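Residues per chain are reported as follows:
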Amino acid sequence: MHDIQTPYYLCDETLLEKNLKILQDVQNRSGAKIIVALKGFAMFSTFPLVARYLDGCCASGLHEARLAKEEFAKYNSEAEVHTYSPAFKESEIQEIAKLSNHIVFNSPNQLDRFLLKTKEINPKIQVSLRINPEVSSSPKDIYNPCGLYSRLGTPLKNIDESTLNSLDGLNFHALCEQNVDALEEVLVAFEKGFGKYFQNLKYINFGGGHHITKKDYDIERLVCIIKEFCLKYQIDVYLEPGEAVGWESGYLVSTVLDVFENGMHIAILDSSAEAHMPDTLAMPYRAEVRGAGVANEKKYTYRLGGNTCLAGDIMGDYSFDEPLKVGDEIIFEDQIHYTFVKNTTFNGIKLPSLVLKKLDGTIEVVKEFGYEEYKSRLS
């Protein structure tokens, strides 16, 4: 591992498969279909493995739909592609319709505008509408799709029965890395508002944010809820987790470039919170560092900083048993989901390589990045 140039993300297929087996168990016992949300996990070098366990992909637009069709479907001939966008573009709707098995409209306006065209292009496509149940216990406003003045989904007051007659399904997405109790809360409101319209539908998509692979998740309760829902309404259920697929399946490795003092010990790394671990600043949350403790827990405390000019490019304060020195490797745990799908070349900083630890234990550097990736984003 020390021969691989940092920074790099490493995904461990053994850990990934552990998550996939949990999700497959939920599918088998509940009857739900689970598709991977590419917005959270899109490492397509793992798709030969992921496609063995999951039923398809949830795409957030044209490019993700293409990735699903080109890289996931070739390992699972029955894989479904579900494509949703807050608003589809006229110039892209034709290709999206060809690529997708399901298309999800965000508003009645978009449904009215594109329904006939979508059906003409792909008569077999199933159509659904994302609704806003107006209930969510999302821990942060930035990730709350049911917050005040939300642009995501259609509330009950904006829906009429004529709109629903053209639909095969309804979608809601109201969770963010939460347990099953949060789903129960949303379902109460969802059924109360929309339950009377379920009889003519084929499916309901419960969205993502279900933290199914986290150790304390109540899987048994989830299975019961889905089975009860399907039996009650005689309808199919989809789940589309992203973080639950990649949860704790790998890490980000960086190297200490400099150590100095300015009121406290500071270490500059060859990675960046802003560019490589964006959710640690947006959520925000503290990434765990292997072998480290919180500030002052261990003998030597350092502020770990990224190698960009952003003053706030800081991973946090961590303590270590031994003093840090130039060349030491720092490993940030659980940095596979919502990292390389969101990272940037801000300041021209090098994107971390993508490394795969295979089921047989072999290590493969599947992608390296350099100047061309930075330059290609500019003109």
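Everything here concerns the structure above.
From a predicted model like this one, the values you see are computed outputs, not experimental measurements. (Residues numbered from 1 in each chain as written. Predicted model: local features only at pLDDT ≥ 70, side-chain atom pairs only at ≥ 80, totals over all residues. Heavy atoms only, no water.)

*Asks:* What should I look at first to understand the environment of L129 in this one?
*Replies:* By the secondary structure assignment, L129 is in strand 7 (residues 126–130). Residue L129 is classed as buried on the basis of its relative accessible area of 0%. When the C-alpha positions of L129 and A282 are compared, they lie 28 Å apart, and in sequence the two are 153 residues distant. The contacts of L129, once residues within four sequence positions are left out, are V104, F105, N106, S107, P108, T154, I159, T163, L167, G169, L170 and N171. (Helix = DSSP H or I, 4+ residues; strand = E, 2+ residues; numbered from the N terminus. Buried < 20%, exposed > 50% of the residue type's maximum accessible area, 1.4 Å probe, protein only. Contact = heavy atoms within 4.5 Å.)

*Asks:* I would appreciate a short explanation of helix 7 (residues 180–194) in the present structure.
*Replies:* Because an α-helix completes one turn every 3.6 residues, residues spaced three or four positions apart along the sequence face the same direction. Taking 1.5 Å as the rise per residue, helix 7 with 15 residues should run 21 Å; its terminal C-alpha atoms sit 20 Å apart, in good agreement. Where helix 7 is concerned, the buried positions are V180, A182, L183, V186, L187, F190, G193 and F194. All buried residues of helix 7 lie within an arc of 140 degrees about the axis, which places them on one face of the element. Turned more than 90 degrees from where helix 7 packs its buried face, D181, V188 and K192 sit exposed. Check the buried side of helix 7 and you find it contacts strand 8 (169–171), strand 9 (203–205) and helix 8 (219–233). (Expected span 1.5 Å × (residues − 1). Arc of directions from axis to C-beta.)

*Asks:* Could you clarify how one ought to interpret helix 1 (residues 13–30) in this entry?
*Replies:* With 18 residues, helix 1 ought to run about 26 Å at 1.5 Å a step, and its terminal C-alpha atoms sit 25 Å apart, in line with that. Of all the residues in helix 1, the buried ones are E13, L16, E17, N19, L20, L23, V26, Q27 and S30. Buried residues in helix 1 make contact with strand 1 (8–12), strand 2 (33–34), helix 2 (47–53), helix 8, helix 9 (243–246) and strand 17 (353–357). Between the side-chain oxygen of the N-cap and the backbone nitrogen of T14 there are 2.9 Å, and the N-cap of helix 1 in question is D12. In the segment just after helix 1, G31 is the residue with positive phi, at about 90 degrees. (Polar contact = N/O pair within 3.5 Å; in protein donor to acceptor, adjacent residues only side chain to side chain.)

*Asks:* What is the right way to read a nonpolar patch on the surface from this model?
*Replies:* On the surface, a cluster of nonpolar side chains totalling about 210 Å² of accessible area is made up of L281, L310 and F346. As for its placement among the helices and strands, L281 is situated in helix 11 (residues 279–282). (Patch = residues over 30% accessible without salt bridge, like charges linked within 9 Å, V, L, I, M, F, W, Y side chains within 5 Å. Areas by Shrake-Rupley, 256 points an atom, 1.4 Å probe, with all protein chains shown as cover. Salt bridge = Lys/Arg side-chain N within 4 Å of Asp/Glu carboxyl O.)

*Asks:* What exactly am I supposed to notice about the nonpolar core here?
*Replies:* Note that soluble globular proteins tend to have their nonpolar side chains buried in a common cluster. Grouped together as the largest cluster of nonpolar side chains are 98 residues, with contacts concentrated most on L170, F190, I204, F206, F229, L304 and F332. Looking at this core, the element that brings in the most residues is helix 8, giving 8 residues. The next biggest cluster of nonpolar side chains, apart from the first, holds 7 residues, and it includes I4, Y251, V253 and V355. (Core = buried A, V, L, I, M, F, W, Y, C linked by side-chain atoms within 4.5 Å.)

*Asks:* Sorry if this is basic, but what is going on with the environment of T154 here?
*Replies:* Checked against the element boundaries, T154 lands in the loop between strand 7 and helix 6 (161–164). Accessibility expressed as a relative area gives 3% for T154, which makes it buried. Taking the C-alpha atoms as reference points, T154 and V237, 83 residues apart in sequence, are found 19 Å from one another. Discounting residues that sit within four places of it in the chain, T154 has contacts with N106, S107, P108, L129, R130, I131, N132, I159 and F194. At 2.8 Å, the side chain of T154 forms a polar contact with the backbone oxygen of N106.

*Asks:* Got a minute to help me understand the packing of helix 1 against helix 8 in this structure?
*Replies:* Helices that pack against each other are described as a pair by the angle of their axes relative to one another and the distance between those axes. Contact geometry for helix 1 and helix 8: axes closest at 9 Å, N-to-C directions at 35 degrees. For the pair helix 1 and helix 8, the sense of crossing is right-handed. Across the interface between the two elements, I22, V26, R29 and S30 from helix 1 touch I219, E220, L222, V223, I226 and K227 from helix 8. Looking at the contact of helix 1 with helix 8 residue by residue, the class counts come to 6 nonpolar, 1 polar and 3 charged. (Axes fitted to C-alpha atoms, helices over the stretch in contact; angles between N-to-C directions. Left-handed = near helix turned anticlockwise from the far one by under 90°. Nonpolar A, V, L, I, M, F, W, Y, C, P; charged D, E, K, R; others polar.)

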